[in-house]
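Here are the chains, one letter per residue:
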Amino acid sequence: MNNALASSSIVGVVGSGAMGSGIAQVAAAAGHPVRLYDTRPEAVEKAIASIRKTFGMLAEKGRMTAQAADAAGQRLSAADSLAGFADAGLVIEAIVENLDVKRRLFADLEGIVGDSCILATNTSSISVTALAANLRLPGRFAGMHFFNPVPLMALVEVISGLATDPQVAQTIYATASAWGKSPVYARSTPGFIVNRVARPYYAEALRLLNEQAGEPATIDAILREAGGFRMGPFELMDLIGHDVNFAVTQSVFQAYFNDPRFTPSLVQQELVNGGFLGRKSGRGFYRYGDDSTPPAPHTEAPADAPQQVTIKSSGLVAEAIASRAAAACVTVTRMLGSQEDDALLECGGAVLYLTDGRSATQRAADNGIANTVLLDLALDYTKATRAALCPADQCAPEAYRAVVGLLQACGFKVSRLGDVPGMAVMRTVVMLANEAADAVNQGVCDAAAADTAMLKGVNYPRGPLAWADTIGLHYLMRVLGNLGRSYGEDRYRISPLILRKVWNGSAFHG
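Here the structure is a predicted model, which is why all the values come from computation and not from measurement. (Residues numbered from 1 in each chain as written. Predicted model: local features only at pLDDT ≥ 70, side-chain atom pairs only at ≥ 80, totals over all residues. Heavy atoms only, no water.)

Asks: Explain unusual backbone geometry residue by residue, including any values.
Replies: The phi angle of most residues is negative, glycine excepted, and most peptide bonds adopt the trans form. Looking along the chain, the bond that leaves N148 and enters P149 is cis, with omega of 0°. Looking at the secondary structure, you find P149 in the loop between β6 (141-146) and β7 (155-160). A positive phi angle is found at Q212, which is not glycine, with a value near 60°. By the element assignment, Q212 lies in the loop between α8 (199-210) and α9 (216-225). Despite not being glycine, M423 shows a phi value in the positive range, around 55°. Relative to the assigned elements, M423 resides in the loop between β15 (413-416) and α16 (425-441). Overall, the relative accessible area of 0% leaves M423 in the buried class. (Helix = DSSP H or I, 4+ residues; strand = E, 2+ residues; numbered from the N terminus. Buried < 20%, exposed > 50% of the residue type's maximum accessible area, 1.4 Å probe, protein only.)

Asks: Describe helix α11 (residues 242-255), listing the residues and the values that go with them.
Replies: Every α-helical turn comprises 3.6 residues, leaving residues that sit three or four positions apart pointing alike. Between the first and last C-alpha of α11 there are 19 Å, a value that for 14 residues agrees with the 20 Å anticipated at 1.5 Å per step. Of all the positions in α11, only H242, N245, F246, T249, V252 and F253 are classed as buried. One face of α11 carries all of its buried residues, which in axial projection span an arc of 130°. Residues of α11 that are buried in the fold lie against α7 (194-197), α8, α10 (233-240) and α12 (266-273). Of the residues trailing α11, F257 is marked for its positive phi of about 55°. (Expected span 1.5 Å × (residues − 1). Arc of directions from axis to C-beta. Contact = heavy atoms within 4.5 Å.)

Asks: Explain the packing of aromatic side chains to me, and be specific about the residues and the numbers.
Replies: Taken as a whole and judged by the stated rule, the model has 11 aromatic pairs. Geometrically, the ring pair formed by F106 and F141 is edge-to-face, given 4.8 Å between the ring centres and 85° between the ring planes. Separated by 35 residues along the polypeptide, F106 in helix α4 (residues 99-110) and F141 in strand β6 bring together distant segments of the chain. Grouping residues by exposure puts F106 and F141 together as buried. Taken together, the ring pairs in this structure connect Y201, Y202, F229, Y460 and W467 into an aromatic cluster. Residue placement shows R283 over the ring face of F276; its charged tip is 4.2 Å from the ring centre. Here the basic side chain of R462 rests over the ring of W467, its NZ or CZ set 5.5 Å away from the ring centre. (Phe/Tyr/Trp six-rings, centres within 6.5 Å; stacked < 30°, edge-to-face > 60°. Lys NZ or Arg CZ within 6 Å of the ring centre and 35° of its normal.)

Asks: Outline the pairing of strand β1 (residues 11-14), supporting the account with residue identities and numerical values.
Replies: Every second residue of β1 is oriented toward a common face, with V11 and V13 on one face and G12 and V14 on the other, all of them buried. As judged from the 4 bridges shared by β1 and strand β2 (residues 34-37), these two strands associate in the parallel manner. In the strand pairing of β2, V14 is matched with Y37. For the crossover from β1 across helix α1 (residues 18-29) to β2, the handedness is right-handed. For β1 and strand β4 (residues 90-93), the ladder comprises 4 bridges, and the chain directions are parallel. Each bridged residue has a counterpart across the sheet, and for G12 the counterpart in β4 is V91. (Pairing = 2+ DSSP bridges. Right-handed = clockwise from strand over helix to strand, strands pointing away.)

Asks: How would you explain the sheet that holds strand β3 (residues 76-78) if you had to name every residue and give the values?
Replies: One open sheet holds the 8 strands; their spatial order is β3-β2-β1-β4-β5-β6-β7-β8, and the pairing between them is mixed. Two strands close off the open sheet at either side, each with one partner strand: β3 and β8 (182-187). Neighbour-to-neighbour, the strand axes of this sheet turn through a mean angle of 25°, independent of strand direction. Relative to β8, β7 is paired through 6 bridges, and the arrangement is parallel. From the neighbouring strand, E157 faces β8, where its bridge partner is V184. Seen against the sheet, α1 touches β1, β2, β3, β4 and β6 and runs at an angle of roughly 170° to β2. Its contacts with the sheet put helix α17 (residues 447-457) on β7 and β8, and the angle it makes with β8 is roughly 125°. (Axes fitted to C-alpha atoms, helices over the stretch in contact; angles between N-to-C directions.)

Asks: Explain the pairing of β6 residue by residue, including any values.
Replies: Among the 6 residues that make up β6, 6 are buried, leaving the element largely enclosed by the rest of the structure. Residues F141, G143 and H145 point to one face of β6 and A142, M144 and F146 to the other, with burial holding for every one of them. Taken together, the 4 bridges between β6 and β7 define a ladder with antiparallel strand orientation. If you follow H145 over to β7, its bridge partner there is E157.

All quantities given are derived from atomic positions and should not be read as evidence of function.
So, in structure tokens, the structure goes:
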């Protein structure tokens, strides 16, 4: 049943910064009278003028009619004080991330609005339960966490604290949906869904850099061109700002009582200490400015393609390479290996395997095959433009070059990574999936919400739990288990939910 706020209900927004202005724009476009308040009246007037200009531009581009744009702009007005929210049906706060400041605001609002008015916070990190703790009517309080830029980002996390009335959460959910958003339910826990589940995207990249697996430009290129992510982790951290990204990581780490899974990086701490904050300071992992040139990722020099390749697996990865090799006029033969061997292919004396969380050197020793080369995970091996490889220390250079030549003939740019367990994309994806699984296991959200949050909130190419199903939960467990044994750290412990699904033969979806 749709229990969204009626479009005639007044929506109040406190805070006229980027988030508050964005929320006001979306609510006005959806048909609500919107009152915007800020302690700086001039900031409100500027925000309203900017939103109206945006509506005009949308009309010029044909995304709104001129009449709708004018009407939406007229629905915006400034509130001279909090008293202007006396008849509001919903008030959303988008002010500074400070518990005490937000608590004082909501205490003041409770003395002004009617008892049926819903109070919502756009906080990205503060406990919804803690914010509501001193309210007279804590049941009408919930989180309504939008993502920046609000008009463009579809996700809204609807967060319930311990006292939140389920009907209130349902109303916020339905209202966000009516505003054209993709809402998800979440329980108030540190990081909610997105800021928790996304931590490994940064953390594993920072570890790869610390272990000298590759330069930032190379790792970024692999995550984009093989993994399908819109931005690599290093360029994304530079965009967010290292002070902000590091602070969020520290906050989640401390909130989870120093759980090693969220351990901050010394590499990033050094950047913050040095004032290398990313784009806004002109330097982070990359340099920015008119005279700066983006570094190129490491790409292997052209190598001769082998005349033939023997496919050892009937799986999707091997078949995708076989198809691309055949199109490049490489002779493809098939000789399926044993299930225990799980090699993808052989060429030029080398045996290629998909990474399973062991280093290439360990895998060569375990298998007794010196010429072992590992391949990193890709979103879609039929379309990926880059592939990451890692040869074992024991591998002969000419054997490795044969694999490089084969993949280049298949149309891949090839990047070589240092011999770190799990490589780059595989290691990142299994940790994202593991964190999402733990969020589901702990009742923060369901599997569909976890995937929707990462798809709509941070534009991942695939939901982490859907990706886990694609990889196969048995294989995911194998990778995580090997990472844990390689590092001897609790950081890589396997979510109990993944283990249960492995043992009962189920998947996260379908």
